[in-house]
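# A structural walkthrough
Each chain, written out:
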Amino acid sequence: MREECAYSEFDRKENLHFDSKVVHGALGCEPITGAVSFPIFQTATFRHVTFGVSTGYNYSRVQNPTRQELERTMAILENGAEGFAFTSGQAANMAVFNLLENGDHVILCDDIYGGTFRICDEIFSKFNCEFTYVDMTELDNIKNALRPETKMIFLETPTNPMMKVADIQEIAKIAKENNCIFVVDNTFLTPYFQKPLDLGADIVVHSGTKYLTGHNDVIAGVVVVKDPARIPFFQGQIKSMGAQLAPFDCWLILRGLKTLSLRMRQHDENARKVANWLLTQPKVKKVYYAGFENHKGYEISKKQCTGFGGMISFELDSEKTAQDLLSNVNMILFAESLGGTETLITYPWTQTHESIPDDTKMALGITKAFVRISIGIENVDDIIADLDQALNR
Ligand SMILES: *Cc1c(COP(=O)(O)O)cnc(C)c1O
């Protein structure tokens with residue numbers, strides 16, 4: 001069918017700064033009507049122009065202009081060839097792991113997001129795939145885990161929740177030399193602070209639920225590929241899995257993205273102050289924050305990111321102190337998730353990392369006295385005051 005797509009042309013806005021790209025997206029303003037807010041194309045199907053001629057949009061599972069605007073915007077922000085918007089970070093990760101074939105081996109970082117672990121452990125292990133989890137802050141651990149059948153290296157940096165920082169450029173070299181697909185989950189820093197594709201990664205995944213949307217109101221996932229040759233595979237994933245993000249949710253992310261730069265700057269500034277305050281607290285045994293100068297990965301962060309983000313984990317002097325803190329916070333919300341305007345505090349032991357075996361958690365340092373906090377964009381004095389009253393009563 002011949003296509004006459006109204007939106008085939010878009011501007012990658014190479015000449016603009018990142019702060020402007022987030023505001024103006026791919027098309028940004030809708031070109032036919034001039035609508036400044038890109039419309040929500042709430043339609044399942046599209047009328048054909050005439051026999052054999054399509055507008056370029058036939059059925060919304062396959063193509064939808066609002067989703068396309070988000071996907072192209074994400075490709076622009078991550079400096080990739082194309083983006084793909086899924087119903088969740090989990091669905092985005094599923095699509096990435098669908099690159100595996102029977103018998104393939106994958107190396108992942110050891111304190112990986114619990115849901116990613118579950119995809120490997122509960123789904124792909126059935127297809128004779130094998131997974132090795134290593135501390136990627138030591139490159140030798142990756143080299144030693146390589147096998148002839150290693151197909152993929154999967155990294156989160158900073159890791160969740162231990163805030164370990166791994167060297168994307170060095171791991172990209174290992175991946176290239178060994179013909180592996182290198183995937184980076186960039187949920188924690190977003191392209192505002194870190195652009196893995198520029199550093200040599202092949203694929204970036206996001207839980208769009210977190211900073212991209214930024215307002216704790218959407219569940220979404222994004223994949224961005226660097227090589228245009230991978231576009232048909234992920235288009236096929238969208239078409240076959242049927243896990244494409246709905247138009248309204250795409251619009252909410254586009255709206256959220258407009259303030260990504262502002263929000264990330266505030267998350268980063270607030271987190272630095274909270275992390276330093278936590279260090280002064282007698283009931284806090286250890287603070288995990290990538291922005292400390294004595295953090296093992298500090299120099300790597302300086303090289304590959306422009307900020308440290310809003311995530312902090314810390315260990316308290318006892319399980320009881322942790323439980324009291326979670327019970328007594330007021331403005332800060334005891335809730336799962338991260339990356340939104342609200343400060344959220346979570347308990348990885350039974351929440352995000354519940355699927356990880358207890359002995360693995362303990363070996364990583366995730367104890368029952370361990371909490372993770374996603375610093376929001378509230379006034380930082382209120383965040384600290386709330387932590388203070390909940391900890392020191
Ligand atoms: C939340 C999260 C996911 C999963 O995303 P959902 O949108 O919850 O499905 C994957 N990776 C990381 C790092 C996350 O924080």
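Residues numbered from 1 in each chain as written. Predicted model: local features only at pLDDT ≥ 70, side-chain atom pairs only at ≥ 80, totals over all residues. Heavy atoms only, no water.

The next point concerns the sheet that holds strand 5 (residues 130-134). Ordered by their spatial adjacency, seven strands build an open sheet running 3-9-8-7-6-4-5, and the pairing between neighbours is mixed. Where the open sheet ends on each side, the last strands, each with one partner, are strand 3 (82-86) and strand 5. Strand-to-strand, the axes of this sheet are offset by a mean angle of 20 degrees, without reference to chain direction. Contacts from helix 2 (residues 65-78) reach strand 3, strand 8 (203-207) and strand 9 (221-225) within the one sheet, and its direction differs from that of strand 3 by about 130 degrees. Across the sheet, helix 3 (residues 89-97) is in contact with strand 3, strand 4 (105-109), strand 5, strand 6 (150-156), strand 7 (181-185), strand 8 and strand 9; its angle to strand 8 comes to roughly 155 degrees. (Pairing = 2+ DSSP bridges. Helix = DSSP H or I, 4+ residues; strand = E, 2+ residues; numbered from the N terminus. Axes fitted to C-alpha atoms, helices over the stretch in contact; angles between N-to-C directions. Contact = heavy atoms within 4.5 Å.)

Next up on the list: helix 6 (residues 168-177). Among the residues of helix 6, those classed as buried are Ile 168, Ile 171, Ala 172, Ile 174 and Ala 175. The buried residues of helix 6 occupy one face: seen down the axis, they fall within an arc of 160 degrees. With respect to the buried face of helix 6, the exposed residues turned more than 90 degrees away are Lys 176 and Glu 177. Among the structural elements, helix 5 (139-145), strand 6, strand 7 and helix 11 (298-304) are those in contact with the buried residues of helix 6. A distance of 3.1 Å separates the backbone nitrogen of Gln 169 from a side-chain oxygen at the start of helix 6, and that oxygen is part of Asp 167. Just past helix 6, the residue Asn 179 takes up positive phi, approximately 60 degrees. (Buried < 20%, exposed > 50% of the residue type's maximum accessible area, 1.4 Å probe, protein only. Arc of directions from axis to C-beta. Polar contact = N/O pair within 3.5 Å; in protein donor to acceptor, adjacent residues only side chain to side chain.)

What follows is about unusual backbone geometry. The bulk of non-glycine residues show a negative phi, and the bulk of peptide bonds are trans. Of note, the bond from Thr 157 into Pro 158 is cis; its omega dihedral lies within 30 degrees of zero at -5 degrees. Structurally, Pro 158 can be placed in the loop between strand 6 and helix 6. Positioned with a positive phi, Thr 190 is a non-glycine residue whose angle comes to about 60 degrees. Residue position: Thr 190 is located in helix 7 (residues 190-193). In this structure Thr 190 comes out as buried when scored by relative accessible area, which is 1%. The backbone of Ser 337 shows a phi angle near 85 degrees, a positive value even though the residue is not glycine. When you line up the elements, Ser 337 lands in the loop between strand 12 (333-334) and strand 13 (344-346). Judged by its relative accessible area of 19%, Ser 337 is buried.

Here helix 12 (residues 319-328) crosses helix 14 (residues 380-391) at 130 degrees, and the two axes come no closer than 8 Å. Our classification of the angle between helix 12 and helix 14 gives oblique. For the element pair helix 12 and helix 14, the recorded crossing hand is right-handed. Judged by residue contacts, Thr 321, Asp 324, Leu 325 and Asn 328 of helix 12 engage Leu 387, Gln 389, Ala 390 and Leu 391 from helix 14. Looking at the contact of helix 12 with helix 14 residue by residue, the classes come out as four nonpolar, three polar and one charged. (Parallel < 35°, antiparallel > 145°, perpendicular 65-115°, else oblique. Left-handed = near helix turned anticlockwise from the far one by under 90°. Nonpolar A, V, L, I, M, F, W, Y, C, P; charged D, E, K, R; others polar.)

Right, let's get into the side chain of Arg 72. The topology assignment puts Arg 72 in helix 2. Among the polar contacts made by the side chain of Arg 72, one reaches the main-chain carbonyl oxygen of Tyr 7 at a distance of 2.8 Å. Setting aside residues up to four positions removed in sequence, Arg 72 forms contacts with Tyr 7, Ser 8, Phe 10, Ala 26, Leu 27 and Glu 82.

Take the pattern of salt bridges next. Counted under the stated rule, the structure contains 15 salt bridges. Between Asp 19 and Arg 265 there is a salt bridge, and its shortest N-O distance comes to 3.1 Å. One end of the pair, Asp 19, is in helix 1 (residues 18-24); the other, Arg 265, is in helix 10 (residues 260-279), and 246 residues separate them in sequence. Taking relative accessible area as the criterion, Asp 19 reaches 33% and is therefore assigned partly exposed. Through salt bridges that share partners, Asp 110, Asp 135 and Lys 164 make up one connected network. (Salt bridge = Lys/Arg side-chain N within 4 Å of Asp/Glu carboxyl O.)

Let us now look at the site of the ligand. Contacts to the ligand come from Ser 88, Gly 89, Gln 90, Tyr 113, Glu 156, Asp 185, Thr 187, Ser 207, Thr 209, Lys 210, Ala 220 and Leu 338. At a separation of 2.6 Å, an oxygen atom of the ligand approaches a polar side-chain atom of Thr 209. In the environment of the ligand, an oxygen atom lies 3.5 Å from a nitrogen or oxygen atom belonging to the backbone of Ala 220. Across the complex, the protein chains shield 93% of the 380 Å² of accessible surface that the ligand would expose by itself. Tallied by class, the residues present in the shell around the ligand amount to three nonpolar, six polar and three charged. (Near = heavy atom within 4 Å. Areas by Shrake-Rupley, 256 points an atom, 1.4 Å probe, with all protein chains shown as cover.)

Further remarks concern the sheet that holds strand 12. With mixed pairing, five strands are arranged side by side in an open sheet as 10-11-14-13-12. Looking at which strands have only one partner, the edges of the open sheet turn out to be strand 10 (284-288) and strand 12. Alignment of strand 10 against strand 11 (residues 311-316), held across four bridges, turns out to be antiparallel. Each residue of the ladder has a partner; that of Lys 286, found in strand 11, is Glu 315. Contacting strand 11, strand 12, strand 13 and strand 14 (370-374), helix 12 crosses the sheet at an angle of about 135 degrees to strand 11.

Let us look at the domain arrangement of the chain. For the chain, the assigned domains read domain 1 (1-88 + 209-258) and domain 2 (260-391). Look at where the C-alpha atoms of domain 1 and domain 2 centre, and you get two points 33 Å apart. Taken together, the contact pairs 14 residues of domain 1 with 16 residues of domain 2. The contact between domain 1 and domain 2 buries some 1200 Å² in all, and 50% of this surface belongs to carbon and sulfur atoms. (Domains from an automatic or database assignment. Buried area = accessible area lost by both parts, 1.4 Å probe.)

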